[in-house]
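# Structural characterization, general
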Amino acid sequence: MRLEKREVTLNEKDTLLDMLLFEQSLAERYRKWGEKVERKEARAAFLAMGDELQKEVESLKRYFQKTPKM
C-alpha cells in the first residue's frame, strides 16, 4: 500500500512541475508581447495577464518548498 501512495505523490509532483514550467513560460511570453504591442489597451492586457500568471507561478513554487506528507 505504501508503494502505491508514493507513486501517486510522485505523479502529482510531476504534474505540478509541468504546470509550473508551462505557466512560467506563458507569463514570460505575455510580458514580451506586452512590451512589443503598440496599443495601450493591448499592452496593459498582456502585462496584466503576465502578472496574474506570475502570481500562480509563485503559489506553485510554494508547493515545492513544502515537505511531502507520507
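Let me begin by describing the structure that accompanies this report. If you're wondering where the values come from, they're calculated on a predicted model, not measured in any experiment.

Definitions and limits used
Residues numbered from 1 in each chain as written. Predicted model: local features only at pLDDT ≥ 70, side-chain atom pairs only at ≥ 80, totals over all residues. Heavy atoms only, no water. Helix = DSSP H or I, 4+ residues; strand = E, 2+ residues; numbered from the N terminus. Buried < 20%, exposed > 50% of the residue type's maximum accessible area, 1.4 Å probe, protein only. Contact = heavy atoms within 4.5 Å. Phe/Tyr/Trp six-rings, centres within 6.5 Å; stacked < 30°, edge-to-face > 60°. Lys NZ or Arg CZ within 6 Å of the ring centre and 35° of its normal. Lys, Arg positive; Asp, Glu negative; His and termini not counted. Salt bridge = Lys/Arg side-chain N within 4 Å of Asp/Glu carboxyl O. Expected span 1.5 Å × (residues − 1).

### As for the overall build of the protein
When helices and strands are tallied, the protein shows two helices and zero strands. A burial count over the protein gives 13% of its 70 residues as buried. Long-range pairs, those at least 24 residues apart, make up 59% of the contacts in the protein with a sequence separation of at least 6.

### Regarding the packing of aromatic side chains
Across all of its chains, the model carries one aromatic pair by this definition. Above the plane of the ring of Trp 33 lies Lys 36, whose end atom (NZ or CZ) is 5.8 Å from the centre.

### Points about the side chain of Glu 23
Summarising the element assignment, Glu 23 is placed in helix H1 (residues 2-36). Buried charged residue Glu 23 carries no salt bridge. Nearest counter-charge: Arg 31, at 10 Å.

### A closer look at the pattern of salt bridges
For the structure on display, the rule yields one salt bridge. Put simply, Glu 41 and Arg 39 hold a salt bridge, and the shortest N to O gap is 3.6 Å. This pair shows no difference in class: Glu 41 is exposed, exactly as Arg 39 is.

### So, helix H2 (residues 40-65)
The end-to-end C-alpha distance of H2, which contains 26 residues, comes to 38 Å, matching closely the 38 Å that a straight helix rising 1.5 Å per residue would cover. Taken as a whole, H2 has its buried residues at Gly 50, Leu 53, Val 57 and Leu 60.

### A look at the environment of Met 49
In this structure, Met 49 sits in helix H2. Residue Met 49 is classed as partly exposed on the basis of its relative accessible area, which comes to 34%.

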